[in-house]
Structures are given as structure tokens and as C-alpha cells.
Amino acid sequence: GKSIAMNDIIEILSQKVLFISSGKTTEESVKEAEIRLGVNFAKEYREYVCSFGTASYYGHELTGISKNEPLLDVVDITLAEREFLKDIPNTWYVIEQTHMDGIVIWQDEKGKVFRTIPNKSAEKIFDSLCEYIEKG
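Let us look at the structure shown here.

Hydrogen bonding along the main chain pairs the strands of a sheet, whether they run parallel or antiparallel. Across the sheet, four strands lie side by side as β4-β5-β6-β7; this open sheet has antiparallel pairing. What marks the edges here is a single partner per strand, and that holds for β4 (93–97) and β7 (123–126). Here the average twist between neighbouring strands, direction ignored, is 40°. By the bridge criterion, three bridges tie strand β6 (residues 113–116) to β7 in an arrangement that is antiparallel. Looking at the pairing, R115 lines up with E123 of β7.

Turning our eyes to something else, we now look at the pattern of salt bridges. Two side chains with opposite charge may pair up if their charged atoms get near one another. For the structure on display, the rule yields eight salt bridges. We note a salt bridge from R46 to E27, for which the minimum N-O separation is 2.3 Å. Here R46 is found in helix α3 (residues 43–52), whereas its partner E27 is found in helix α2 (residues 27–37), with 19 residues between them in sequence. Here K86 and E83 are joined by a salt bridge, their closest N and O atoms 3.4 Å apart. Both residues of the pair, K86 and E83, count as exposed. What emerges from the salt-bridge pattern is a single network uniting E27, K31, E34 and R46.

What follows covers a nonpolar patch on the surface. Taken together, V17, L18 and Y58 make up a surface patch of nonpolar side chains, about 370 Å² in accessible area. Examined against the element boundaries, Y58 turns out to sit in the loop between β2 (55–57) and β3 (60–62).

Looking now at the packing of α2 against α3. Between α2 and α3, the least distance of the axes is 9 Å, while the angle of their chain directions is 135°. Compared by their axis directions, α2 and α3 come out oblique. Relative to α3, the crossing made by α2 is right-handed. In this structure, α2 uses E27, V30 and E34 to contact α3, whose residues at the interface are R46, V49 and C50. A per-class count over the contact of α2 with α3 returns three nonpolar, no polar and three charged.

Rules and cut-offs
All residue numbers refer to positions counted from 1 along the written sequence of the respective chain. For a predicted model such as this one, the threshold for reporting local features is a pLDDT of at least 70, and the threshold for listing and counting side-chain atom pairs is 80 or more; totals across whole chains, interfaces and linings nevertheless cover every residue. Each side-chain value is derived from all of the structure's non-hydrogen atoms; neither hydrogens nor water enter the calculation. Pairing between two strands requires that DSSP report at least two bridges joining them. Helix and strand definitions here come from DSSP, where helices need a minimum of 4 consecutive H or I residues and strands a minimum of 2 consecutive E residues; each element is numbered from the N-terminal end. Convention adopted: a line fitted to C-alpha atoms gives each axis, helices being fitted over their contacting stretch, and angles between N-to-C directions are expressed from 0 to 180 degrees. The salt bridge definition used is simple: a Lys or Arg side-chain nitrogen within 4 Å of an Asp or Glu carboxyl oxygen. Type-normalised accessible area, obtained with a 1.4 Å probe on protein chains alone, sets the label of each residue: buried when under 20%, exposed when over 50%, and partly exposed for intermediate values. Each patch is built from salt-bridge-free residues with over 30% relative accessible area, joining like charges within 9 Å and nonpolar side chains (Val, Leu, Ile, Met, Phe, Trp, Tyr) within 5 Å. Where accessible areas are quoted, they stem from the Shrake-Rupley method and a 1.4 Å probe; at the residue level, only the protein chains shown are allowed to cover. Here is the rule for angles: anything less than 35 degrees is roughly parallel, anything more than 145 is roughly antiparallel, 65 through 115 is roughly perpendicular, and the remaining ranges are oblique. Handedness of each helix crossing follows the sense of rotation of the near helix against the far helix: counterclockwise by less than a right angle gives left-handed, clockwise gives right-handed. Working rule for contacts: check all heavy atoms of both residues, and any pair within 4.5 Å makes them a contact. Classification used: nonpolar for Ala, Val, Leu, Ile, Met, Phe, Trp, Tyr, Cys and Pro, charged for Asp, Glu, Lys and Arg, polar for all others including Gly.

Below you can see the structure in the form of C-alpha cells.
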């Protein structure tokens, strides 16, 4: 297939079935979240959060930053999951809790996407959030 450009994240998400977002987030909120987590969000995650805050689409709820969606807060969720999974690199942050079999989807600062399953090693599943949303 055609390679996916980073800036397609907004288009890819907004075309998903049953797409809902909580609304724009300020750059300050994004920076604050990064500081609290001690990470730099990948460019596409930052772009997604700035445009949409949080997002859900058919069968998926993505983390983000939104006053209206505290249960999808990337900071709270990542901090909680780090407590469970002590060996996760602290440059990763949660992009989705699947609520199935304890599976959690993470992203690193370069944008790569990983899956953790309890009692198994983390594995890289996609090269970007765009790819995860398109194929995941």
C-alpha cells in the first residue's frame, strides 16, 4: 500500500466509523502532560491530541488530553500502567487500553507502536499510530 505520511493522522482518524473526539487541546496542556510523564510525544500523537483531545472510533478508545474525558487521560493511564508493568521503558506512553486480556498499546517517542500482554514481553506491532489506526 502507499506509505502513510505523518500529517494524515487527522484525516485517517476522522474518516473512521463512529469517530468521536472530545475537541482541541492547547499546546500548553500537551507540554504539561509530557513533563508529567517525562516523555516527548511522537509528532503524530501530538498532532492528534492537539486536534482532537481524545478520540474514539469503532471498537477503540484512544488516550489523549481532555477535561471532558478524564478516563482517557494519557498521563493517568500511563502512570497506572507503568505501576503494573515495571519493565516498560519510561519513554513509552499508553495510546490505548484495549480492555481485553490486559492488552495495552503503547507508543515510543519515535512513533513506533508496541503491544503488551500480561506476563509476556512487549512486542512492536506497527511503525506509527497512523498504521495502528489503519490496520490495527
